[in-house]
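Chain and residue survey
Single-letter residue listing:
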Amino acid sequence: MSKAVLITGAAGNLGSAVTERFLHEGYHVIAVVEPRTRHHFPENPNLEVKEANLFDEDAARVVVQQAFDRFPTLNAGVLLVGGFAMGNLIRTSYREMEQMFELNFKSTYNVARPLFLRMQAQGNGGRLVMIGSRPALEPTAGGADMMGYALSKSLVFKLSELLNVAGAEKNIRSTVVVPSVIDTPTNRAAMPTADFATWVKPEELAAVIETACRMDGVSGEAVVRAYGKT
């Protein structure tokens with residue numbers, strides 16, 4: 001039986017690795033990117049690229065609808081859109097807090113909600129994977145210096161928890177994957193003196209995410225830590 005997955009933030013460093021992983025595992029992939037985003041996906045008959053502004057609730061709903069129109073059964077949704085900003089309580093205004101909420105929570109909620117509602121009608125349920133953050137899960141891991149980021153990601157954990165309660169009888173499972181620092185060119189440029197060998201690789205995260213999406217009846221963990229060697 002063919003498998004299908006919707007991946008948001010697919011053009012990013014992590015998104016590209018996740019897209020490649022799912023294609024390698026034989027999935028049909030609907031890769032969602034921001035409008036006018038440049039991307040370099042390999043030619044693959046199992047790959048469809050969709051543009052959508054996921055901060056717009058209607059646009060997010062439409063792209064999910066298009067995915068289900070194409071594949072009546074969608075096994076999984078992988079929600080990767082998000083961003084990071086430093087700032088402690090003194091330096092973080094409420095407006096800056098709202099920007100983090102929009103980037104990390106709104107973009108996730110706008111896609112998770114229509115995906116969940118459609119998955120309820122599927123006989124086999126579905127899988128949702130979201131990206132958390134270590135500072136939100138472990139405040140002593142720098143959370144006080146990333147106030148907006150940590151608080152916005154804490155809402156992702158709570159959303160996933162509530163979806164697991166709501167979806168239990170329909171075999172809908174949500175998992176939050178929590179990386180430490182991801183080994184990307186952007187992070188290397190920002191922290192040139194760091195020990196890159198201790199960071200988690202995008203390909204390693206992609207494998208964790210794909211495992212969480214398998215429809216094999218295994219309950220799995222609601223929160224999966226992927227901290228590399230840190």
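Use the structure listed above.
First, a word on scope: everything that follows refers to the structure included in this document. Every value quoted in this text rests on a predicted model; they were computed, and no experiment measured them. (Residues numbered from 1 in each chain as written. Predicted model: local features only at pLDDT ≥ 70, side-chain atom pairs only at ≥ 80, totals over all residues. Heavy atoms only, no water.)

**What to know about the packing of helix α3 (residues 94–119) against helix α5 (residues 147–167)**
Two numbers describe a pair of packed helices, the interaxial angle and the distance between the axes. The interhelical angle for the contact between α3 and α5, taken along N-to-C directions, is 15 degrees, at an axis separation of 7 Å. In this view, α3 runs roughly parallel relative to α5, as classed from their interaxial angle. In the crossing of α3 with α5, the sense of the turn from one axis to the other is right-handed. Contacts from Met 97, Met 100, Phe 101, Asn 104, Phe 105, Thr 108, Tyr 109, Ala 112 and Phe 116 in α3 reach Met 147, Gly 148, Tyr 149, Leu 151, Ser 152, Lys 153, Leu 155, Val 156, Leu 159, Leu 163, Ala 166 and Gly 167 in α5. Its residues placed into classes, the contact of α3 with α5 shows 15 nonpolar, 5 polar and 1 charged. (Axes fitted to C-alpha atoms, helices over the stretch in contact; angles between N-to-C directions. Helix = DSSP H or I, 4+ residues; strand = E, 2+ residues; numbered from the N terminus. Parallel < 35°, antiparallel > 145°, perpendicular 65-115°, else oblique. Left-handed = near helix turned anticlockwise from the far one by under 90°. Contact = heavy atoms within 4.5 Å. Nonpolar A, V, L, I, M, F, W, Y, C, P; charged D, E, K, R; others polar.)

**Quick notes on unusual backbone geometry**
The phi torsion at Arg 36 lies on the positive side, around 65 degrees, for a residue other than glycine. Residue position: Arg 36 is located in the loop between β2 (27–33) and β3 (47–51). Arg 36 sits in the exposed class, given a relative accessible area of 74%. A positive phi angle is found at Asn 171, which is not glycine, with a value near 60 degrees. Within the element layout of this structure, Asn 171 appears in the loop between α5 and β6 (172–179). Residue classification places Asn 171 among the partly exposed positions, given a relative accessible area of 37%. (Buried < 20%, exposed > 50% of the residue type's maximum accessible area, 1.4 Å probe, protein only.)

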